[in-house]
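Inside the fold
Single-letter residue listing:
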Amino acid sequence: MKVPLLDLGIQLQSMREEIVTAVTNVIDSTTYIQGPEVVALEEEVASYCGAKYGVGVSSGTDALLVSLMALGVGPGDRVLTTPYSFFATMGVVLRCGATPVFADIDPISYNIDPQAMQEILAGDKEKSIKAILPVHLYGQCADMGAILTLAAEYGIPVIEDAAQAIGAEYPDVSSGEWVKSGAMGLAGCFSFFPSKNLGGIGDGGMVVTNDSAFADLLRMLRNHGAEPKYYHSRIGGNFRLDPIQATVLRIKLKHLEQWHGDRRKNASHYNELFAQTALVQDKRVGVPTAVYLNKANEAGGNKNYHIYNQYVIRVQDRDALIDWLRSHDIGCEIYYPVALHEQECLRGLLDKEALPNAELAAQSTLALPIYPELTPAMQEYVVEKIVAFYER
Ligand SMILES: *Cc1c(COP(=O)(O)O)cnc(C)c1O
């Protein structure tokens, strides 16, 4: 059996005609920059997230960059973020001329640990931390209750890196109502990279916010800071979303909840399959915590609605396991093999510090196939081969 890490072809087949028609319509319209498809997607994504405004941009990376630019983050400033994420999270901070400051992650959720954040914020006597940039890694919200409380206490804006987490939910601290990722901080940044839960046929991204002045500023900055045309009071860039991507994403957005549901079902099935082996008890494999799976059973525990952009396990003897799985036609990937604070590009820029939870995650995590169309038989094959590896 062949089990790829991700199979975009099956999903495409189910909506290929609709997509080709929509793309053809954009081509025939001759409106190739901004236009009605972009505006419609902005409204639909904002409404899906329960946010007031959506600002389409060229990628998830540019969503983050333009948000930090809008906050005026620059040289001498610091941005508090996680050391365990895709490079873009840190790259945008450095591109603004600012410095990332890392709070270690929680070893269970892999998300930034509010306790570690608290210590850093308390030590920031010169008040150089200008933004807090949590990441909702793998599709599970960071501990936003604690993060928003800290942000309010220190008066620092929160930009959510929700690139992997469109549709993930977390209960509001005061009301207990479930809120979608991106709609909790000042702004939330999404990526429409093809492997995200809502992926285009190329690059794309969006920022959502409830702040109308911030939304206006984002719109201005994504278009070189021009307002009106050819008059530039701020320096922006070309961060616009392509209408061809927008029209495709509008079609896919209608299926997103279904896909989340299928991914969550697959995650649940993996957890059941692993529970039937000795691997979890032997601590050879660590699975995502089961209480994250349902809204209903989370009363006393971790409150999170995970949309499983990735299903990530912790494993012993990872490199040999990867070779073994690939030799059995099973796709898998390490997200991420090097923690951000250990990246070579920081050498000479930042003093290297120890962030043991992030470093351990980089050494031991492994993502398995979790895409919506994955079948139970494929999942059984994957777990069977992992068991066979440790029994070999
Ligand atoms: C994908 C991703 C990004 C960047 O998105 P692009 O659309 O690829 O630029 C940023 N942060 C995280 C956590 C991501 O997973």
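Bear in mind that the values here come from a model prediction, so they are computed numbers and not experimental data. (Residues numbered from 1 in each chain as written. Predicted model: local features only at pLDDT ≥ 70, side-chain atom pairs only at ≥ 80, totals over all residues. Heavy atoms only, no water.)

Comments concerning the domain arrangement of the chain
To keep it simple, the criterion reads: An automatic or database domain assignment supplies the start and end points of every domain. Take the accessible area each of two parts loses on contact, using a 1.4 Å probe, and add the two losses: that sum is the buried area. One speaks of a salt bridge when a side-chain nitrogen belonging to Lys or Arg is within 4 Å of a carboxyl oxygen belonging to Asp or Glu. Under this definition, polar contacts are N or O atom pairs within 3.5 Å; protein pairs additionally need one hydrogen-donor-capable and one acceptor-capable atom, and for neighbouring residues in sequence, both atoms have to be side-chain atoms. Under the DSSP-based scheme used, a helix requires at least four consecutive residues in state H or I and a strand at least two consecutive residues in state E, with every element numbered from the N terminus.
We note that the domain assignment places domain 1 (8-253) and domain 2 (256-390) within the chain. The straight-line distance from the C-alpha centre of domain 1 to that of domain 2 is 24 Å. For the pair domain 1 and domain 2, the two sides together bury roughly 3600 Å², of which 60% comes from carbon and sulfur. At the junction of domain 1 with domain 2, the criterion picks out 0 salt bridges. Counting every contact that joins domain 1 to domain 2 gives 28 residue pairs in polar contact (both at pLDDT 80 or more). Those elements that provide at least two residues to the side of domain 1 that touches domain 2 are α1 (8-29), α4 (88-95), β3 (99-102), β6 (169-171), β7 (178-180) and α8 (243-253).

Digging into the site of the ligand
Heads up, the rule is: For this purpose, a residue is taken to be near a molecule or strand whenever a single non-hydrogen atom of the residue falls within 4 Å of it. Accessibility throughout is a Shrake-Rupley quantity obtained with a 1.4 Å probe, and a residue counts as covered only by protein chains that appear here. Residues are sorted three ways: Asp, Glu, Lys and Arg are charged, Ala, Val, Leu, Ile, Met, Phe, Trp, Tyr, Cys and Pro are nonpolar, and all the rest, Gly among them, are polar.
Around the ligand sit 16 residues in total, of which Gly-60, Thr-61, Gln-164, Ser-191 and Lys-196 are the nearest. A distance of 2.8 Å separates an oxygen atom of the ligand from a polar side-chain atom of Gln-164. Taking 380 Å² as the accessible area of the ligand by itself, protein coverage stands at 93%. Counting residues per element, the ones that place at least two in the shell around the ligand are α3 (60-70) and α4. No other element matches α3, which puts 3 residues into the shell around the ligand. Tallied by class, residues from the shell around the ligand come to 6 nonpolar, 8 polar and 2 charged.

Considering the state of the cysteines
Here is the rule we go by: The disulfide definition used here is simple: a pair of cysteine sulfur atoms within 2.5 Å.
Counted according to the given criterion, the structure contains 0 disulfides. Considering cysteine sulfurs only, Cys-49 is the nearest to Cys-141, which forms no disulfide, with 11 Å between them.

What to know about the side chain of Thr-277
This is how the line gets drawn: Every residue pair with non-hydrogen atoms within 4.5 Å of one another is taken to be in contact.
Looking at where Thr-277 falls in the secondary structure, it is placed in the loop between α9 (256-275) and β10 (285-286). One polar contact links the side chain of Thr-277 to the main-chain amide nitrogen of Leu-279, over a distance of 3.1 Å. With near-sequence residues (within four places) excluded, Thr-277 lies in contact with Val-383 and Val-387.

Remarks on the nonpolar core
Convention followed: Put simply, a nonpolar core is a bunch of buried Ala, Val, Leu, Ile, Met, Phe, Trp, Tyr and Cys residues held in one set by side-chain atoms that sit within 4.5 Å of each other. Note on classification: 1.4 Å probe, protein chains only; a residue is buried when its accessible area is under 20% of the maximum for its type, exposed when over 50%, partly exposed between these limits.
Residues Tyr-270, Phe-274, Tyr-311, Ile-313, Leu-366, Leu-368 and Ile-386 are the most contacted members of the largest nonpolar core, which totals 30 residues. No other element matches helix α12 (residues 376-391), which puts 8 residues into this core. Not counting the four nearest positions on each side in its chain, Leu-366 is found in contact with Tyr-311, Val-312, Ile-313, Val-315, Leu-321, Ile-322, Leu-325, Cys-332, Glu-333 and Ile-334. Judged by nonpolar contacts, the second largest core, of 27 residues, contains Leu-65, Leu-68, Met-69 and Phe-214.

A closer look at α1
What sets the pattern is the α-helix's 3.6 residues per turn: residues three or four places apart point alike. Counted only if it meets this: To estimate how far a helix should reach, multiply one less than its number of residues by 1.5 Å. Two axes define the bend at a residue: one fitted to the seven residues ending there, one fitted to the seven starting there, and the bend is the angle between them.
The terminal C-alpha atoms of α1, which comprises 22 residues, lie only 28 Å apart, well short of the 32 Å expected from a rise of 1.5 Å per residue. A bend of about 70° at Met-15 is the largest found in α1. Buried within α1 are the following residues: Gln-11, Met-15, Ile-19, Ala-22, Val-23 and Val-26. The inward-facing, buried residues of α1 contact α2 (36-49), α8 and α9. At the N-terminal boundary of α1, the capping side chain belongs to Asp-7, with an oxygen 2.9 Å from the backbone nitrogen of Gly-9. Positive phi shows up at Thr-30, right after α1, with a value of about 60°.

Here we look at the sheet that holds strand β12 (residues 365-368)
By definition, the strands of a sheet pair up through backbone hydrogen bonds, in either a parallel or an antiparallel sense. Our working definition: When DSSP locates at least two bridges between a pair of strands, those strands are taken to pair. To obtain an axis, a line is fitted to C-alpha atoms, over the contacting stretch when the element is a helix, and the angle between two such axes runs from 0 to 180 degrees between their N-to-C directions.
Read from one edge of the open sheet, 3 strands run β10-β11-β12, paired in antiparallel fashion. The open sheet has two free edges, formed respectively by β10 and β12, since each of these has just one partner strand. As paired elements, strand β11 (residues 311-315) and β12 share 4 bridges and run antiparallel to each other. Paired with Val-312 across the bridge in β12 is Ala-367. The strands touched by helix α10 (residues 318-327) are β11 and β12; relative to β12, the strand with the most contacts, the crossing angle is about 20°.

Overview of the sheet that holds β3
Read from one edge of the open sheet, 3 strands run β3-β2-β4, paired in parallel fashion. In the strand order of this sheet, the two ends are held by β3 and β4 (129-133), each with one partner. Ignoring strand direction, the axes of neighbouring strands in this sheet form an average angle of 30°. Here 4 bridges tie strand β2 (residues 78-81) to β3, and the two strands are oriented parallel to one another. Bridging across to β3, Arg-78 finds its partner in Thr-99. Sheet contacts for α4: β2, β3 and β4; angle to β3, the most-contacted strand, approximately 140°.

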